[in-house]
Amino acid sequence: MKELLKYHLYIIGFSLIIGFAIYLNWQLPPNLDEARAYTIARYLTPFEIFTISKTEGHPFLWYYVLMPFAKLHLFYPYPLYALNLTFILIAVYLFYKHATLPTYLKYFITLSIPFLKLYNSFARCYSLTIMLSFILFYLYKNRHTKQILYLSIILLLANTSSVGFFIASSLGVMFIFESIFHKKYKKETKELLMIILMGLIEFILILLQFYGYNKKIPQSTPHFGSLTENLNSAYFPLNIYILIIIYIATFLIFIKKRNFAPFFFLLLSSMQLTFLLTTIHQGGLHHYYFYYIFLICAYWITPNLNTKQLIPLIILSFSLIFNTSMHYKYNDRTYLADLKNSAVKINQIFKDKPQEIIIFEDFNGNIIQPYLSKNITLLNQTATPFNSLKGLEEFLYFIYVPIKKKDIINKVQKNPHMLLFNTCGHKTLYHYQIVFNLKYRLNKQYCLYDIKVN
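Residues numbered from 1 in each chain as written. Predicted model: local features only at pLDDT ≥ 70, side-chain atom pairs only at ≥ 80, totals over all residues. Heavy atoms only, no water.

**So, the pattern of salt bridges**
Quick reminder of the rule: Every case where a carboxyl oxygen of Asp or Glu lies within 4 Å of a side-chain nitrogen of Lys or Arg is listed as a salt bridge. Only DSSP runs of H or I reaching four residues or more are called helices, and only runs of E reaching two or more are called strands; each is numbered from the N terminus. Only protein chains enter the area calculation, which uses a 1.4 Å probe; residues under 20% of their type maximum are buried, those over 50% are exposed, and those in between are partly exposed.
For the structure on display, the rule yields 4 salt bridges. For the salt bridge of glutamate 356 with lysine 411, the shortest nitrogen-to-oxygen distance reads 3.7 Å. In this pair, glutamate 356 is assigned in strand β1 (residues 355-359) and lysine 411 in helix α23 (residues 405-414), connecting sequence segments 55 residues apart. Look at lysine 411 and you get partly exposed, because its relative accessible area is 22%.

**Let's talk about the state of the cysteines**
Selection rule: Sulfur atoms of two cysteines make up a disulfide when they are within 2.5 Å.
Scanning all chains against the criterion turns up 1 disulfide. In this model, cysteine 424 is linked to cysteine 447 through a disulfide, with the two sulfur atoms separated by 1.9 Å. Across the S-S bond of cysteine 424 and cysteine 447 the torsion is about 100 degrees, and the bridge reads as right-handed. Here cysteine 424 is found in the loop between β3 (419-423) and β4 (434-441), whereas its partner cysteine 447 is found in strand β5 (residues 446-453), with 23 residues between them in sequence. Residue cysteine 424 shares its accessibility class with cysteine 447, and that shared class is buried. This cysteine, cysteine 125, is not joined by any disulfide, and cysteine 297 carries the nearest cysteine sulfur, 16 Å off.

**A look at helix α10 (residues 147-158)**
Cut-off, in case you're wondering: In this scheme, a helix's expected span is set at 1.5 Å multiplied by one less than its residue total. Residue contacts are counted whenever heavy atoms from the two residues lie within 4.5 Å of one another.
End to end, α10 covers 16 Å across 12 residues, agreeing with the expected 16 Å (1.5 Å per residue, within 8%). When α10 is considered as a whole, its buried residues turn out to be Gln147, Tyr150, Leu151, Ile153, Ile154, Leu155, Leu157 and Ala158. Buried positions along α10 lie against α9 (125-139), α11 (162-181) and α12 (189-210).

**Some remarks on the side chain of threonine 110**
The test is simple: Here a polar contact means two N or O atoms within 3.5 Å. Within protein one must be a hydrogen donor candidate and the other an acceptor candidate, and residues neighboring in sequence count only if both atoms are side-chain atoms.
Inspection of the secondary structure puts threonine 110 in helix α7 (residues 103-111). Engagement of the side chain of threonine 110 in a polar contact is seen with the backbone oxygen of lysine 106, the distance being 2.8 Å. Threonine 110 has contacts with Gly13, Ile17, Tyr96, Phe115 and Leu116, leaving out every residue within four places of it along the chain.

**Some details on a nonpolar patch on the surface**
Selection rule: By definition, no residue in a patch forms a salt bridge, and every one has over 30% relative accessible area; like charges are joined within 9 Å, nonpolar side chains (Val, Leu, Ile, Met, Phe, Trp, Tyr) within 5 Å. Where accessible areas are quoted, they stem from the Shrake-Rupley method and a 1.4 Å probe; at the residue level, only the protein chains shown are allowed to cover.
Judged by side-chain polarity, Leu197, Leu200, Ile201, Phe203, Ile204, Leu207, Leu208 and Tyr211 come together as a nonpolar surface patch covering roughly 810 Å² of accessible area. By secondary structure assignment, the location of leucine 197 is in helix α12.

**Observations concerning the sheet that holds β3**
Condition: Strand pairing follows a simple DSSP-based rule, namely that at least 2 bridges must link the two strands. Only the stretch in contact is used when a helix axis is fitted, and all axes are lines through C-alpha atoms; the angle between N-to-C directions ranges over 0 to 180 degrees.
Overall, mixed pairing links the 5 strands, which are arranged β2-β1-β3-β5-β4 in an open sheet. At either margin of the open sheet sits one strand with a lone partner, and together these are β2 (376-379) and β4. When strand polarity is set aside, the average angle formed by the axes of neighbouring strands in this sheet is 35 degrees. The pairing of β3 with β5 spans 5 bridges and is classified as antiparallel.

**As for helix α3 (residues 32-43)**
In this model, α3 (12 residues) spans 16 Å end to end at C-alpha, consistent with the 16 Å of a helix rising 1.5 Å per residue. With respect to burial, α3 is a largely interior element, 10 of its 12 residues being buried. Buried residues of α3: Leu32, Glu34, Ala35, Arg36, Ala37, Tyr38, Thr39, Ile40, Ala41 and Arg42, and no others. Those residues of α3 that are buried are in contact with α4 (46-56), α5 (61-72), α6 (78-98), α20 (362-368) and α21 (389-393).

**Brief notes about the packing of aromatic side chains**
The geometry of an aromatic ring pair comes down to the distance between the two centres and the angle between the two planes. The condition that has to hold: A pair of Phe, Tyr and Trp rings is counted when the ring centres sit within 6.5 Å of each other, with Trp represented by its six-membered ring. The angle between the planes then sorts it: under 30 degrees is stacked, over 60 is edge-to-face, the rest tilted. Counted as over-ring charges are cases with an Arg CZ or a Lys NZ within 6 Å of the ring centre that also lie within 35 degrees of the ring normal.
Under the definition given, this model contains 37 aromatic pairs. Seen from their ring centres, tyrosine 10 and tyrosine 96 are 5.6 Å apart, and the 90 degrees between their planes marks the pair as edge-to-face. Placement of the pair is tyrosine 10 in helix α2 (residues 8-25) and tyrosine 96 in helix α6, with a sequence separation of 86 residues. Residue classification places tyrosine 96 among the buried residues on the basis of a relative accessible area of 4%. Ring centres of tyrosine 235 and tyrosine 289 lie 5.5 Å apart, and the angle between their planes is 70 degrees; this geometry places the pair in the edge-to-face category. On the criterion of sequence distance, the pair formed by tyrosine 235 in the loop between α13 (227-234) and α14 (240-256) and tyrosine 289 in the loop between α16 (285-288) and α17 (290-300) is long-range, its members being 54 residues apart. Positioned above the aromatic ring of phenylalanine 95 is the side chain of lysine 106, whose terminal nitrogen or guanidinium carbon lies 6.0 Å from the ring centre. Positioned above the aromatic ring of tyrosine 140 is the side chain of arginine 143, whose terminal nitrogen or guanidinium carbon lies 3.9 Å from the ring centre.

**Description of the pairing of β4**
Working note: regular strand, side chains alternate between the two faces of the sheet. Where β4 and β5 come together, 7 bridges link them in antiparallel fashion. Residue pairing for β5: asparagine 437 is matched across the bridge by aspartate 450. Between the end of β4 and the start of β5, which pair antiparallel, lie 4 residues.

**Some remarks on the packing of α9 against α17**
Heads up, the condition is: If an angle is under 35 degrees, it is roughly parallel; if it is over 145, roughly antiparallel; if it lies from 65 to 115, roughly perpendicular; otherwise it is oblique. Left-handed describes a crossing in which the near helix is turned anticlockwise from the far one by less than a right angle; the clockwise case is right-handed. Throughout this entry, Asp, Glu, Lys and Arg are counted as charged residues, while Ala, Val, Leu, Ile, Met, Phe, Trp, Tyr, Cys and Pro are counted as nonpolar. The remaining residues, Gly among them, count as polar.
For the pair α9 and α17, the least separation of the axes is 10 Å and the interaxial angle reads 15 degrees. In terms of their interaxial angle, α9 and α17 are classed as roughly parallel. The element α9 and its partner α17 pack so that their crossing is right-handed. Touching Tyr126, Thr129, Ile130, Phe134, Phe137 and Tyr138 of α9 are Phe290, Ile293, Cys297 and Trp300, all from α17. Each residue belonging to the contact of α9 with α17 can be placed in one class, and the counts come to 9 nonpolar, 1 polar and no charged.

**So, the nonpolar core**
Applied cut-off: Buried residues of nine kinds, namely Ala, Val, Leu, Ile, Met, Phe, Trp, Tyr and Cys, make up a nonpolar core once their side-chain atoms join them within 4.5 Å.
With 132 residues, the main nonpolar core has Trp62, Tyr235, Phe290 and Phe421 as its most contacted residues. The dominant element in this core, judged by the number of residues it contributes, is α6, at 12 residues. Excluding residues that lie within four positions of it along the chain, tryptophan 62 makes contacts with Ala37, Leu80, Leu83, Phe87, Ala123, Arg124, Cys125, Ser127, Leu128 and Asn159. Of all hydrophobic cores here, the second largest spans 14 residues; its members include Leu379, Ile408, Met418 and Ile451.

**So, the packing of α9 against α11**
The contact between α9 and α11 brings their axes to 9 Å, and the two run at 15 degrees. As the angle between them shows, α9 and α11 are arranged roughly parallel. Crossing of α9 over α11 shows left-handed handedness. Between α9 and α11, the residues in contact are Tyr126, Thr129, Ser133, Leu136 and Phe137 and Val163, Gly164, Ile167 and Leu171, respectively. Residues of the contact of α9 with α11, tallied by class, amount to 6 nonpolar, 3 polar and no charged.

Rendered as structure tokens:
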């Protein structure tokens, strides 16, 4: 019993995180982002993944990690969920064991919505980002004695996600500055060349993935809300103004303690994320909560903090226990289940018979694609195979480019047996050249239609 009490944080924390992950994902198909990453890893080659990063906006590492499971395609989606949860559990273990924060604060952080209901169940690259980040902050005090390992993980972290790049670049800049200007950490020429070489490797990787963007493909998603509105939702019952006060208070604490490393890490990371969210990509809750992750990591590497100095993080962590924002995936369970059941029904109808099916909703196409048998070819609104490099690159056409009847007409004329997957009764192209006739009702929500060209 004494041993169990000694490890109560690990037992209770792990049980809660695993329990909520199972509860939130129980018999729930992956959503758009989860399924899309899996499809990319399943159908594209390692080289093609470098190509699609230009339109996808995510670096290669998550797809490469997924690739062995996706290529085997066994028991989908459970390997996807298990891999994500494993990364979060490793991160949490390192945090519990090595972060110099009081136990009650670690409980608050565990119970906060990002760890209890988001990153543990949302199977995306952000779990890999958090794990590698926490490994780096565990290694931080030994960064100059284990510099090859430290820099290697920085390089990997930079290729997990945009926020991973922000964390990695902030730590990398700080490491280079220390290596050149700090007397205690000043490096010899040979060591400096090695650090420069690691930076050059990362530069080449970024260049290979993101240089040469196809201007015919939309570059960013539209903004449907302001950063203020999004942060107010993410950090409820607090708001953006309280979050700014928490950040300012934290900066003042670091300055007063003359601990400039966490100060500059927090400043550099949060500035880069703010630039992303205000100019390029609106992002989602999984992006906004990285302001919280940055704060946790900054406090992690700040030694000898008393309770007063921890108040900003305590307030934020405790408040996020009562946040109710993160329900977007679980609340979509009926919608996701209907799409999965539609794909299963399609497989049953056609069995081993080849069949082409066109779909206008790329969001839905990403979700059903992993469930379809090999004999079913899913086509996007430009009549391109959904699982091809071109089809995956064209994902943003759904938002920006009107459906072109000409592409569909040409495709139907070549293959008159092609069907349309669409919402039952929702006839979007009832124009003079194209007519839809109900062929199969898959469930209450979705149907397959004949496409006739007049």
